Amino acid sequence: MATSPDTELSETRIHEVLSNDRRRMAIEFLQDGNMTLRELAERIAEAETGESPPPRNIRQSAYVSLQQTHIPKLDELDIVEYDEQSKEVSLAEAGDVTVYMEVVPEGELSWSEFYATLSALGLVLMVAVAVDVPLISSVGASILAALVFAIIGGSSLYQRWSQER
């Protein structure tokens, strides 16, 4: 189904789609490449249970919910492409919602938290230079600012590179 201006995905609609764990996991796993509905259900069931192989009833639950609800919805919104004959699912070129997904393992910083922390560090360093904190002010504001900007620039390049992989 082609997306018309009336059905074009709004941010609200995208967040609604991503609010479901199985839909979000399906999109995340499909970033690795096309897979069959059965393979996708298996990966989602593994993620939900932490067991490999996951229990049969969880695999079956994941498969049925993907087949009857989640994949048709994602296909209708042009987020995935689904071939009912081969049962193969892939991310669609249009309707890229992955920019709204930042998967952060538990206990780790998100990129936004990282950049906010780095900005706060830069601000603290500039204040330290302004109030003449001995060791920090001897380095100089321009060198510290250049260092913070280099770290921000390098981090953004790394983030872009890692997201394209």
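That block above? That's the structure.
Basis of the calculations
- Residues numbered from 1 in each chain as written.
- Predicted model: local features only at pLDDT ≥ 70, side-chain atom pairs only at ≥ 80, totals over all residues.
- Heavy atoms only, no water.
- Helix = DSSP H or I, 4+ residues; strand = E, 2+ residues; numbered from the N terminus.
- Expected span 1.5 Å × (residues − 1).
- Bend = angle between axes of the 7 residues up to and from the residue.
- Buried < 20%, exposed > 50% of the residue type's maximum accessible area, 1.4 Å probe, protein only.
- Patch = residues over 30% accessible without salt bridge, like charges linked within 9 Å, V, L, I, M, F, W, Y side chains within 5 Å.
- Areas by Shrake-Rupley, 256 points an atom, 1.4 Å probe, with all protein chains shown as cover.
- Salt bridge = Lys/Arg side-chain N within 4 Å of Asp/Glu carboxyl O.
- Lys, Arg positive; Asp, Glu negative; His and termini not counted.
- Charge placed at Lys NZ, Arg CZ, Asp CG, Glu CD.

Peer 1: Hey, could you run me through unusual backbone geometry in this one?
Peer 2: Backbone geometry follows two general trends: most residues other than glycine have a negative phi, and most peptide bonds adopt the trans configuration. Following Ser52, the chain continues to Pro53 via a peptide bond in cis, the omega torsion being -5°. The residue Pro53 is located in the loop between helix H3 (37-49) and helix H4 (56-76) in this model. Positive phi, normally seen in glycine, also occurs at Lys87, with a value near 60°. When you line up the elements, Lys87 lands in the loop between strand S2 (80-83) and strand S3 (88-91). Positive phi, close to 65°, is recorded for Asp132, a residue that is not glycine.

Peer 1: Any chance you could explain H4 here in plain terms?
Peer 2: Side chains three or four residues apart in an α-helix point the same way, a direct result of the helix having 3.6 residues per turn. Under the 1.5 Å per step criterion, the end-to-end length of H4 is 29 Å for 21 residues, consistent within 8% with the ideal 30 Å. The sharpest bend along H4 reaches about 55° and sits at Leu66. Those residues of H4 lying buried are Ala62, Tyr63, Ser65, Leu66, His70, Ile71 and Leu74.

Peer 1: What is the right way to read the environment of Arg38 from this model?
Peer 2: Relative to the assigned elements, Arg38 resides in helix H3. Spatially, the C-alpha atom of Arg38 lies 9.4 Å from that of Leu66, the residues being 28 residues apart in sequence.

Peer 1: Mind showing me how you'd approach a negative patch on the surface here?
Peer 2: A contiguous patch of negative charge on the surface is contributed by Glu39, Asp83, Glu84 and Glu88. Position of Glu39 relative to the elements: it lies in helix H3.

Peer 1: What is the right way to read the pattern of salt bridges from this model?
Peer 2: One side chain can pair with another of opposite charge once the charged atoms of both are near each other. Across all of its chains, the model carries 4 salt bridges by this definition. When the shortest N-O distance is used, the salt bridge between Asp32 and Arg43 registers 3.2 Å. You can see Asp32 sitting in the loop between helix H2 (21-30) and strand S1 (35-36) and its partner Arg43 sitting in helix H3, a full 11 residues away along the chain. On the basis of relative accessible area, Asp32 is assigned to the exposed category, the value being 58%. Exposure remark for Arg43: the relative accessible area of 30% places this residue in the partly exposed category.

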